[in-house]
Amino acid sequence: MRERLWIFRQVSSAQQAALAQALSISPITALVLLARGVTTLEEAGRWLALHTEPSHDPFLLPDMERTVDRLHRAVEQGERICFYGDYDVDGVSATSIYLSFFRSLGANGHVYIPHRLHEGYGLNEDAIWALHRDGVSLVVTSDCGTTSHREIELANRLGLDVVVTDHHQPDEHLPPAMALLNPYRTGTAYPFKGLCSGGLAFKVVQAYQMKYGADFSLDMLYDLVALSTIADIVPLQDENRRFVREGLAQLSRGARCGIRALKQMAGIARDCTAETVAFKLAPRLNAAGRLAHALLGVQLLTTESDLEARRLAEELERLNRERQQIEEQITTEAMSAIDRDDPPAAIVLGAKQWHLGVVGIVAARLVERFHRPAVVMAVNERGIAKGSARTVPGFDLYQALTACRDLLVGYGGHPTAAGLTIQEAHIPEFRERFASLAVAASNGGQRVPALHVDAEVNLTEVNLRLIRELGTLHPFGAGNPEPTFAVRNLSVLNARVVGEKHLKLTVRQGNSMTFDSIGFGLGALAERGLASRRPVDLAFVPEMNRWNGYDRIQLRIRDVRMSELL
């Protein structure tokens, strides 16, 4: 396991002291807030759950008025509406939001989600023709459509109105949709760009209810918005924090029968956290779109039948187990194709036998292992490669793919995750150019994995009060990472590997009380000579651990290194 560079966040000590005194919080909590850019008492109050997060006016989004007016006309006239979603959790959840709300109004609403393997991402012309033949007059997209120029032009010629709700990066010229809701549109007055498509769908129904009224509690949709927001790794800031807080409470209660069934299959008995969603619920929902059809996910999230929910959850569980097996095999093959001692500046791999449904996960595994941007592709029998890209901090995938656009059949996505299509014959040239862009982005230097540390502390400062204060900063995730602290010169009283790959330490600093610490999946760190009784520095997240009916503070290890000898 490669050693990481610890980067300590720098804040003003005067601001830290003032914030701690004004809010009666510990200086460490004040430092964590400042490290997240929270500098005013009003902002700090929202982060500490003293006030609710803002709910911005949905009509500040360009084309919102036109969107709800068109939807209202479709509802009133009984038009056939198609909610057209992407096959990931964000698209599935956003589509479910639309379907749940507009069906409650008696709308003639239907769902279309393209098949990942047979149709690919986003709007496609065959689907537009099929919707036209099916009598659809209004198409509302979720998580796609921002770059679908040809498809929307076709829809217009056939008499279909298209409303796009999406948060992918727009081109210089927008497609000719009758309305396009995207927080990244140039000139938008909406104050927060971090909404995912589930958040956008919620803002649409919120705007509809504000203008036209509806006997429907929008609070019932927070669980779906939380699924979208967490799974799509958008920043947990601003109004996303409220979405996720409220949504996690609903997910914990299991108010939706589909969620109850999914939690049961995943073995979730406790309250849901952002981590639970990211590592337990989202993979199971995603498994449908990866190996079968994402419509299974919409059916699960919108059914009102416990029996149907159980059947669908069992099918998703089966698909997720199959996905794990395929992913493990392809990851092993991909790893073997890379020189582990001298990996390239950027990893670009593809093979004919690889499954398109899991290449994004494999790319993420390669980034985690080698700390390099990675593109993993599945090549079909016609020599067309489709794949997914993941990246490291400081390397913008969307910009890099734009610089390679002359080699690509198509591409799209975000700075941190993207998809592309390329002819197999162009892969070598693409690999070379993509790697050169990665070298330039790192200024020709070697990329070193970084660990951002909020503060150096003494173990005597890690107490129940601190953990309670940090708990008010939930939910943690993108844009609001778990607070990570460091302590120096710890004595290791015991070090062992448990469960084959988890590092278990008992540590003490000077005359402090002893602390148990656990590093999940960090068993390889034990090779750094921890049993030699030399002092170590520990980077950790403090948390409460319940064992045998007792609560005790535990340090969840992020990294460990030998202390510098004085």
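Before any of the text, the structure's been laid out above.
Just so it is clear, the model here is predicted, and its values are computed rather than measured.

Some thoughts on the overall build of the protein
So, point 1. Along the protein, the regular secondary structure elements total 18 helices and 18 strands.
So, point 2. For the protein, whose C-alpha radius of gyration is 25 Å, the value lies close to the compact-globule estimate of 24 Å for 566 residues.
So, point 3. Put simply, the protein has 566 residues, and 54% of those count as buried.
So, point 4. Taking the contacts inside the protein whose residues are at least 6 apart along the sequence as the reference set, 67% of them involve residues at least 24 apart.
So, point 5. Carbon and sulfur atoms make up 48% of the accessible area of the protein, which totals about 25,000 Å².
So, point 6. Charged side chains of the protein number 61 positive and 66 negative; the gap between the two group centres comes to 5 Å.

Structural notes on the pattern of salt bridges
So, point 1. Counted under the stated rule, the structure contains 32 salt bridges.
So, point 2. The salt bridge involving glutamate 42 is made with arginine 46; its shortest N-O contact spans 3.4 Å. Of this pair, glutamate 42 and arginine 46 both sit in helix 3 (residues 41-47), four residues apart, which is roughly one turn of that helix.
So, point 3. Relative accessible area serves as the criterion here: at 56%, glutamate 42 is assigned to the exposed category.

Regarding the pairing of strand 5 (residues 161-165)
So, point 1. Taken across its five residues, strand 5 has four buried, putting it largely inside the fold.
So, point 2. Sheet topology places strand 4 (residues 136-142) next to strand 5; five bridges connect them, and they run parallel. Considered in strand 5, the bridge of valine 139 is made with valine 162.
So, point 3. Once the chain exits strand 4 it traverses helix 7 (residues 149-157) before rejoining the sheet at strand 5, and the crossover so formed is right-handed.
So, point 4. Alignment of strand 5 against strand 6 (residues 179-181), held across three bridges, turns out to be parallel. The residue bridging valine 163 from the neighbouring strand is alanine 179, located in strand 6.

Some words on helix 13 (residues 295-302)
So, point 1. Along helix 13, the residues that are buried comprise Leu296, Gly297, Val298, Leu300 and Leu301.
So, point 2. Of the surrounding elements, those touching the buried residues of helix 13 are helix 5 (89-104), strand 3 (108-112), helix 9 (222-231), helix 11 (257-266), helix 12 (274-291) and helix 14 (306-336).

Observations regarding the sheet that holds strand 10 (residues 410-413)
Strand pairs in the sheet, formed through backbone hydrogen bonds, run parallel or antiparallel to each other.
So, point 1. The five strands lie next to each other as 7-8-9-11-10, forming an open sheet whose pairing is mixed. The open sheet has two edge strands with one neighbour each: strand 7 (347-351) and strand 10. Between one strand and the next, the sheet's axes are offset by a mean angle of 15°, whatever the strand orientation.
So, point 2. Here strand 10 pairs with strand 11 (residues 417-423) via four bridges, running antiparallel. Its bridge partner being in strand 11, tyrosine 411 is matched across the sheet by leucine 420.
So, point 3. Against the sheet, helix 15 (residues 359-370) touches strand 7, strand 8 (374-379) and strand 9 (384-390), its axis set at about 150° to strand 8.

Some remarks on the nonpolar core
So, point 1. Residues Phe102, Leu227, Leu366, Phe430 and Phe434 are the most contacted members of the largest nonpolar core, which totals 118 residues.
So, point 2. Of the residues forming this core, the biggest block, nine residues, is contributed by helix 14.
So, point 3. In this structure, phenylalanine 434 is in contact with Ala346, Val348, Pro373, Val375, Phe395, Leu397, Ala400, Leu401 and Cys404, ignoring residues within four places of it in sequence.
So, point 4. If you look at the next biggest cluster of nonpolar residues, it comprises 39 residues, including Trp47, Leu473, Val487 and Leu538.

What to know about a nonpolar patch on the surface
So, point 1. A cluster of nonpolar side chains, contributed by Leu5, Ile7 and Val448, occupies part of the molecular surface with about 230 Å² of accessible area.
So, point 2. Secondary-structure assignment places valine 448 in the loop between helix 17 (427-441) and strand 12 (450-453).

Here we look at helix 17
In an α-helix, one turn spans 3.6 residues, which is why side chains three or four residues apart end up on the same side.
So, point 1. Relative to the 21 Å expected for 15 residues at 1.5 Å per residue, helix 17 spans 21 Å between its end C-alpha atoms, a close match to the ideal helical length.
So, point 2. Buried residues in helix 17 make contact with strand 7, strand 8, strand 9, helix 16 (397-403) and strand 11.
So, point 3. Of the residues trailing helix 17, asparagine 443 is marked for its positive phi of about 55°.

Reading guide: rules and limits
- Residues numbered from 1 in each chain as written.
- Predicted model: local features only at pLDDT ≥ 70, side-chain atom pairs only at ≥ 80, totals over all residues.
- Heavy atoms only, no water.
- Helix = DSSP H or I, 4+ residues; strand = E, 2+ residues; numbered from the N terminus.
- Rg over C-alpha atoms; globule rule 2.2 N^0.38 Å.
- Buried < 20%, exposed > 50% of the residue type's maximum accessible area, 1.4 Å probe, protein only.
- Contact = heavy atoms within 4.5 Å.
- Areas by Shrake-Rupley, 256 points an atom, 1.4 Å probe, with all protein chains shown as cover.
- Lys, Arg positive; Asp, Glu negative; His and termini not counted.
- Charge placed at Lys NZ, Arg CZ, Asp CG, Glu CD.
- Salt bridge = Lys/Arg side-chain N within 4 Å of Asp/Glu carboxyl O.
- Pairing = 2+ DSSP bridges.
- Right-handed = clockwise from strand over helix to strand, strands pointing away.
- Axes fitted to C-alpha atoms, helices over the stretch in contact; angles between N-to-C directions.
- Core = buried A, V, L, I, M, F, W, Y, C linked by side-chain atoms within 4.5 Å.
- Patch = residues over 30% accessible without salt bridge, like charges linked within 9 Å, V, L, I, M, F, W, Y side chains within 5 Å.
- Expected span 1.5 Å × (residues − 1).

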